[in-house]
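So the chains spell out like this:
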Amino acid sequence: MPRAWSPILNPSPQGEGSKFGAHVEELGSTEMTHPGEQFYPEGVRWDAPIARSTLPDLLATAVADYGSRPALEFRDRPISFIDLQARVDQVAAAFLRDGIGKGHSVALFLGNSPDHPINFFGALKAGARLVHLSPLDGEIALSHKLTDSGARVLVTSNLSALLPMALRFLAKGLLDKLIVCKDDDWGAVGTPQTALPDDSRAITFKQFIAGATPPAQWPQIDVEDVALLQYTGGTTGLPKGAMLNHRNLTSAVSIYDVWGAKARAERNTVERVICVLPLFHIYALTVILLGSIRFGNLISLHQRFDVGAVLRDIETKRATVFPGVPTMWIALANDPSLESRDLSSLAVAGSGGAPLPVEVAKVFERKTGLTLKSGWGMTETCSPGTGHPPTGPDKPGSIGLMLPGIELDVVALDDPSRVLPPNETGEIRIKGPNVTRGYWNRPEETAEAFVGDRFLTGDIGYMDDDGYFYLVDRKKDMIISGGFNVYPQMIEQAIYTHPDVHEVLVIGVLDDYRGEAAKAFVKLKPNVAAFALDELRAFLTGKVGKHELPAALEFVDELPRTAVGKLSRHELRSQQSSPTVQHSPKLATGGRS
């Protein structure tokens, strides 16, 4: 996962260690000290009880607590907690009727509409495990995720941005069943849609759920059952599925619960949370969807990021919480109308998904008076890792303190079992109830990722004397662009399909909009003409995701190699002076692209 998040303030009627689960983990005392705890919010302890449960139980408890209160709002249409549960039960019954439950993987290829939470919780209640597919990915990565996860059932939408790709999977024999939700069922807005072909394997969502009735007894789900295979490259190569079980995900919600207890008690209100972050991303899934359902908040769903729509939600609908990624905050900070808008309802402006440029936070605070800070987390941690307390030292560039129940330390790069003292730089390790137990069908990579029960993050950083952590680099080649992971090898594979390319390396360079972007260094075949960046981007469109398209291109006579003749990204990076990509308006638009 892109390494950043920020906690959300949410009202909790039940308080610390609350009852969405049947179990509470008492962390107890350890020999490790917890630097930074002195700056925790009043009443918050590092060793506070962390609740754990299953995700269906989390939803059921919320329904019992909040009943007719609206849980979701989409296109001005509210859906109550009771209504959401009824829809979830019908979907779960339909999955079970079709023999899809424990031991099965179900893939979701959906944008931000109620179809996502309905099918997400429905498949989980049937006992299945979920696989998130990102609409931003190209066909190569998506096909790999389907094949690797074993998901033979896919839920998608008839939107033209989604269905044509899903039909390719069907044609390639990667699916047994394609369930297609109709976007217009949530109100017609004129979004381009694609007709469903005449294929018995492809059915509409209404056909899928028709006549489904709940079983006499729902499947028994254990907190250790894998709930989600959330794919991440981690470092390099093809994406691998982080196994996130029910305990991991509900513990993550509880960690936020403990951390924000004082602020929630002081606000004592139902939050309206703007959700433009994609629900297939771990940041939005945990912080917005699961957290808001747990705390009885209203999620205002948006299918895409639009500055005007977000500002209208704040001014007109009095939204109180907006979690965004740095590209969104850059767009908002640069909006000429920002200083004249009424943002008085907004209580929390949280940045996540990627490191937040310090200058952007300064500009936003100067224009609005709202403090914008970010923290750190990963797909493998279900999001939580570090955060900034409401009060405490001002540490520009810091990712904050380790959160309750989570242990972070810094270890030597040449010996990941040797813990370094404060202010020495090394690799960050993490331990906590929210941390994955490993990667799906990757025992060797799982073993390499752990030292005992501590996960090696691949991030390089240090901790200061006050317990605040800082990131300085990443251990390997992954690029974080606009809050999304970009894997150079995937882009290189696609560029290699160009008939004029002899060799290519892709590395990350500084980017004035996305923080970091991909730059391709290409060695051409003999006697062919160079091509423009726009031509390369056009060629790659559809082969890789929009967020993976190179923002810069350079032709070279030779690419650096290792002593054994392998192309060397490390040497290439060392040769570069890390120029910043200056975006044209054309490349700087598009929100989540």
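In this text the structure is predicted, and so the values were computed from the model without any measurement. (Residues numbered from 1 in each chain as written. Predicted model: local features only at pLDDT ≥ 70, side-chain atom pairs only at ≥ 80, totals over all residues. Heavy atoms only, no water.)

**Q** Is there a simple way to explain the overall build of the protein in this structure?
**A** For the protein, the count of helices and strands is 17 helices and 29 strands. Within the span of the protein, comprising 593 residues, buried residues form 61% of the whole. By sequence separation, contacts in the protein at least 24 residues apart represent 73% of the contacts at least 6 residues apart. When the accessible surface of the protein is summed, it comes to about 22,300 Å², and 50% of that surface belongs to carbon and sulfur atoms. (Helix = DSSP H or I, 4+ residues; strand = E, 2+ residues; numbered from the N terminus. Buried < 20%, exposed > 50% of the residue type's maximum accessible area, 1.4 Å probe, protein only. Contact = heavy atoms within 4.5 Å. Areas by Shrake-Rupley, 256 points an atom, 1.4 Å probe, with all protein chains shown as cover.)

**Q** Before we go on, may I ask you to explain unusual backbone geometry in this structure?
**A** In terms of backbone geometry, most residues other than glycine have negative phi values and most peptide bonds are trans. With phi around 110°, Ser-383 is a residue other than glycine that occupies positive phi space. Structurally, the position occupied by Ser-383 is in the loop between strand E16 (373–374) and strand E17 (386–387). At Asn-423, a residue that is not glycine, the phi angle is positive and equals roughly 75°.

**Q** Teacher, can you tell me more about empty space enclosed by the protein here?
**A** Over the atoms rolls a probe the size of a water molecule, and its path tells where empty space is left. Taken as a whole and judged by the stated rule, the model has six cavities of 30 Å³ or more. Quantified by volume, the largest cavity comes out at close to 280 Å³. The wall of the largest cavity is formed by 21 residues, among which Ser-134, Lys-145, Tyr-231, Phe-484 and Tyr-487 lie closest to the centre. Of all the elements, strand E10 (residues 226–232) adds the most residues to the lining of the largest cavity, at three residues. Tallied by class, residues from the lining of the largest cavity come to ten nonpolar, eight polar and three charged. (1 Å grid on protein atoms, 1.4 Å probe; cavity = no way out; pocket = protein on both sides within 12 Å on 5 of 7 lines; lining within 4 Å. Points joined across faces, edges and corners; volume = space filled by probe spheres on them. Nonpolar A, V, L, I, M, F, W, Y, C, P; charged D, E, K, R; others polar.)

**Q** Could you clarify how one ought to interpret the packing of aromatic side chains in this entry?
**A** Working definition: an aromatic ring pair is given by the centre-to-centre distance plus the angle between the planes. The full count for this structure, using the stated rule, is twelve aromatic pairs. Judged by centre distance (6.5 Å) and plane angle (35°), the ring pair of Phe-280 and Phe-484 falls under tilted. Here Phe-484 lies in strand E26 (residues 484–486) and Phe-280 lies in the loop between strand E12 (272–275) and helix H9 (282–295), a separation of 204 residues in the sequence. Residues Phe-280 and Phe-484 agree in their burial class; the two are buried. These aromatic residues form a ring-pair network of at least three members: Phe-322, Trp-329 and Phe-364. One cation-aromatic arrangement involves Lys-240 over Tyr-439; the distance from NZ or CZ to the ring centre is 4.8 Å. (Phe/Tyr/Trp six-rings, centres within 6.5 Å; stacked < 30°, edge-to-face > 60°. Lys NZ or Arg CZ within 6 Å of the ring centre and 35° of its normal.)

**Q** Looking at this model, I keep getting lost on the pairing of strand E4 (residues 77–80). Mind explaining?
**A** Within a regular beta strand, the side chains point alternately toward one face of the sheet and then the other, so they alternate between its two faces. In the sheet, strand E3 (residues 70–74) pairs with E4 via four bridges, with the strands oriented antiparallel. By the bridge assignment, Leu-72 is partnered in E4 with Ile-79. Counted between consecutive antiparallel strands, the loop separating E3 from E4 contains two residues, among which Arg-75 sits at a positive phi close to 55°. (Pairing = 2+ DSSP bridges.)

**Q** When you look at the sheet that holds strand E8 (residues 177–181) in this model, what are you seeing that I'm missing?
**A** Hydrogen bonds between backbone groups are what pair the strands of a sheet, and the pairing can be parallel or antiparallel. Within the open sheet, the seven strands sit side by side as E9-E8-E7-E5-E6-E10-E11. Their pairing is mixed. Edge positions in the sheet fall to strand E9 (202–204) and strand E11 (240–245), since each of these pairs with one other strand and no more. Pairwise comparison of adjacent strand axes, ignoring direction, gives a mean angle of 25° for this sheet. Bridge count between E8 and E9: three bridges; the pairing is parallel. Each residue of the ladder has a partner; that of Val-180, found in E9, is Thr-204. Its contacts with the sheet place helix H7 (residues 246–259) against E10 and E11, and it is angled at close to 70° to E11. (Axes fitted to C-alpha atoms, helices over the stretch in contact; angles between N-to-C directions.)

**Q** What should I look at first to understand the sheet that holds strand E28 (residues 515–524) in this one?
**A** Pairing in this open sheet of three strands is mixed, and the strands run E27-E28-E29 from one edge to the other. Among the strands making up the open sheet, the edge pair consists of strand E27 (501–511) and strand E29 (552–555). Adjacent strand axes in the sheet meet at a mean angle of 25°, parallel and antiparallel pairs treated alike. Note: E27 against E28, ten bridges, orientation antiparallel.

**Q** Help me understand the environment of Glu-380, please; the structure alone is not making it clear to me.
**A** Along the chain, Glu-380 turns up in the loop between E16 and E17. Distance from Glu-380 to Ile-282, taken between C-alpha atoms, is 9.2 Å for residues 98 residues apart in sequence.

**Q** Looking at this structure, how should I read the environment of Trp-259?
**A** Tracing the backbone shows Trp-259 in helix H7. Overall, Trp-259 belongs to the buried group, its relative accessible area being 6%. When the C-alpha atoms of Trp-259 and Ala-48 are compared, they prove to be 9.5 Å apart, with 211 residues separating the residues in sequence.

**Q** Sorry if this is basic, but what is going on with the pattern of salt bridges here?
**A** If charged atoms from side chains of opposite charge come close, those side chains can pair. Summed over the entire model, instances satisfying the criterion amount to 36 salt bridges. The closest approach of N and O atoms between Asp-89 and Lys-125, which form a salt bridge, is 2.7 Å. Taken together, the residues span a long stretch of sequence, with Asp-89 in helix H2 (residues 81–97) and Lys-125 in helix H3 (residues 115–125) at a distance of 36 residues. Among the ionic contacts, a cluster of salt bridges with common partners joins Glu-73, Asp-76, Arg-272 and Lys-317. (Salt bridge = Lys/Arg side-chain N within 4 Å of Asp/Glu carboxyl O.)

**Q** Just checking my understanding: could you explain helix H1 (residues 55–66) for this structure?
**A** Structurally, the α-helix is built with 3.6 residues per turn, so residues lying three or four positions apart point the same way. Between its first and last C-alpha atoms H1 spans 16 Å; for twelve residues at 1.5 Å apiece the expected length is 16 Å, and the two agree. Within the sequence span of H1, burial applies to Leu-55, Pro-56, Leu-58, Leu-59, Thr-61, Ala-62, Val-63 and Tyr-66. Against H2, H3, E10, H7 and H9 lie the buried residues of H1. Backbone geometry just downstream of H1 places Gly-67 in the positive-phi region, at approximately 50°. (Expected span 1.5 Å × (residues − 1).)

**Q** Looking at this structure, I do not really get the pairing of E10. What am I missing?
**A** Counting buried positions along E10 gives seven out of seven residues, so the element sits mostly inside the fold. As judged from the two bridges shared by strand E6 (residues 129–132) and E10, these two strands associate in the parallel manner. Along E10, the bridge assignment pairs Leu-130 with Leu-228. Of the pairings in the sheet, the one linking E10 to E11 comprises six bridges and is antiparallel in character. Across the sheet, residue Leu-229 finds its bridge partner in E11, namely Met-243.

**Q** Sorry, what's going on with the packing of H1 against H7 here?
**A** The description of two helices packed together rests on the angle between their axes and the distance between the axes. Their axes nearest at 9 Å, the elements H1 and H7 cross at an angle of 40°. Classified by the angle between their axes, H1 and H7 sit oblique to one another. Residue-level contacts link Leu-55, Pro-56 and Leu-58 of H1 to His-246, Leu-249, Thr-250 and Val-253 of H7. Residue composition of the contact of H1 with H7, grouped by class: five nonpolar, two polar and no charged. (Parallel < 35°, antiparallel > 145°, perpendicular 65-115°, else oblique.)

**Q** Mind showing me how you'd approach the nonpolar core here?
**A** Side chains that are nonpolar tend, in soluble globular proteins, to be buried together. Among the nonpolar cores identified, the biggest contains 124 residues, and Phe-95, Leu-249 and Phe-322 are the most heavily contacted of them. The leading source of residues in this core is H9, at ten residues. Setting aside residues up to four positions removed in sequence, Phe-322 forms contacts with Ile-274, Val-276, Phe-305, Val-310, Met-328, Trp-329, Leu-332, Leu-346, Val-348, Ala-349 and Gly-350. Ranked by size, the runner-up nonpolar core spans 25 residues in total, among them Leu-146, Leu-229, Tyr-231 and Trp-440. (Core = buried A, V, L, I, M, F, W, Y, C linked by side-chain atoms within 4.5 Å.)

So far we have only geometry, and geometry alone does not tell us how the molecule works.
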